[in-house]
Amino acid sequence: LHTLSRRAEQPFVALNCAAIPEGLMEAECFGVDKGAYTGADRRRFGLFAQAHGGTLFLDEIGATPPEVQALLLRALETGEIRPVGSEEVRKVDVRLISATDADLEAGIAAERFRAPLLHRLAGFELRLPPLRERRDDFGRLFKHFLCQELEVVGERHRLEADGGQWLAADLVARLAAYD
């Protein structure tokens, strides 16, 4: 518990793996040493180093290129990273959280995703069914996001007006029924 409370106070760094061009993913995660390639005029810390002591969240992990998957696996197994262009290995202490809606088992079968990486990532796995399979959550989520949007436009008071009945019940029912 003591370690968890300290980690909670440390950096939280997030990366959408699907938004990074394949050729930049390694540098983004592990950093770059000065002179590693044309234009690398200074040392740049990657996300693992930025999250040191804290948490690194890799969203859309299923979109990670295979060569970077091997480097991720090594970082998870050894706690070490090697920035692009460096001969030096650096220790990092990072809690890694990943998410995807991709079928990673199918990715393994198609040789697009490494089985050892999936097994390493699946140390603690949460499967969240789509909202269409959790109809009970719709009302709470709808109200939460509606409150957020009304707050932005200065109209949150409308939720309290008329006992909150200003939104047509048939509209809410149609939204809830939509897959």
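Not measured: the values here are computed from a predicted model.

The end-to-end C-alpha distance of helix H4 (residues 66–78), which contains 13 residues, comes to 19 Å, matching closely the 18 Å that a straight helix rising 1.5 Å per residue would cover. Those residues of H4 lying buried are Val 68, Gln 69, Leu 72, Leu 73 and Ala 75. The buried residues of H4 all sit within an arc of 165° when viewed along its axis, so they share a single face. Residues of H4 that are buried sit in contact with helix H2 (25–30), helix H3 (47–50), strand E2 (55–59), strand E3 (80–81) and helix H6 (115–121).

Time to look at a nonpolar patch on the surface. On the surface, a nonpolar cluster with roughly 240 Å² of combined accessible area is contributed by Leu 131, Leu 141 and Phe 145. Inspection of the secondary structure puts Leu 131 in the loop between H6 and helix H7 (138–152).

Below, the discussion takes up the packing of aromatic side chains. Counted under the stated rule, the structure contains three aromatic pairs. Measuring from centroid to centroid gives 6.4 Å for Phe 12 and Phe 57, while their planes differ by 20°, and the two rings are stacked. Taken together, the residues Phe 12 in strand E1 (residues 12–16) and Phe 57 in strand E2 connect sequence positions 45 residues apart. In this structure Phe 12 comes out as exposed when scored by relative accessible area, which is 56%. Since its relative accessible area comes to 22%, Phe 57 is described here as partly exposed.

Before going further, it helps to examine the side chain of Asp 33. Its location among the elements puts Asp 33 in the loop between H2 and H3. With a relative accessible area of 14%, Asp 33 lands in the buried category. Side chain to side chain, Asp 33 and Arg 90 meet in a polar contact 3.0 Å long. Those residues in contact with Asp 33 that sit more than four places away from it in its chain are Ala 40, Arg 42, Arg 43, Pro 83, Val 84, Gly 85, Ser 86 and Arg 90.

Let's shift gears to the state of the cysteines. Put plainly, a disulfide is one covalent bond tying together the sulfur atoms of two cysteines. By the definition in use, this model includes zero disulfides. Here Cys 17 is not disulfide-linked; the sulfur of Cys 29 is the nearest cysteine sulfur, at 6.1 Å. With a relative accessible area of 2%, Cys 17 lands in the buried category. Residue classification places Cys 29 among the buried positions, given a relative accessible area of 0%.

A word on the nonpolar core. Counting 24 residues, the largest nonpolar core has Phe 30, Phe 48, Leu 56 and Leu 72 as the members making the most contacts within it. Listing elements by their share of this core, those giving two or more residues are E1, H2, H3, E2, H4 and H6. Looking at this core element by element, the count peaks at four residues for H4. Setting aside chain neighbours within four positions, we find Phe 30 in contact with Gly 46, Phe 48, Val 68, Leu 71, Leu 72, Ala 75, Ile 81, Arg 82 and Pro 83.

In this section: the sheet that holds E1. Spatially, three strands are ordered E1-E2-E5 in an open sheet, and the strand pairing comes out parallel. A single partner strand is all that each edge strand has here, and the edge strands are E1 and strand E5 (95–99). Looking at each pair of strands side by side, their axes are set apart by 15° on average, direction ignored. With five bridges connecting them, E2 and E5 associate as parallel partners. Paired with Leu 58 across the bridge in E5 is Ser 98.

Conventions and cut-offs
- Residues numbered from 1 in each chain as written.
- Predicted model: local features only at pLDDT ≥ 70, side-chain atom pairs only at ≥ 80, totals over all residues.
- Heavy atoms only, no water.
- Helix = DSSP H or I, 4+ residues; strand = E, 2+ residues; numbered from the N terminus.
- Expected span 1.5 Å × (residues − 1).
- Buried < 20%, exposed > 50% of the residue type's maximum accessible area, 1.4 Å probe, protein only.
- Arc of directions from axis to C-beta.
- Contact = heavy atoms within 4.5 Å.
- Patch = residues over 30% accessible without salt bridge, like charges linked within 9 Å, V, L, I, M, F, W, Y side chains within 5 Å.
- Areas by Shrake-Rupley, 256 points an atom, 1.4 Å probe, with all protein chains shown as cover.
- Salt bridge = Lys/Arg side-chain N within 4 Å of Asp/Glu carboxyl O.
- Phe/Tyr/Trp six-rings, centres within 6.5 Å; stacked < 30°, edge-to-face > 60°.
- Polar contact = N/O pair within 3.5 Å; in protein donor to acceptor, adjacent residues only side chain to side chain.
- Disulfide = S-S within 2.5 Å.
- Core = buried A, V, L, I, M, F, W, Y, C linked by side-chain atoms within 4.5 Å.
- Pairing = 2+ DSSP bridges.
- Axes fitted to C-alpha atoms, helices over the stretch in contact; angles between N-to-C directions.

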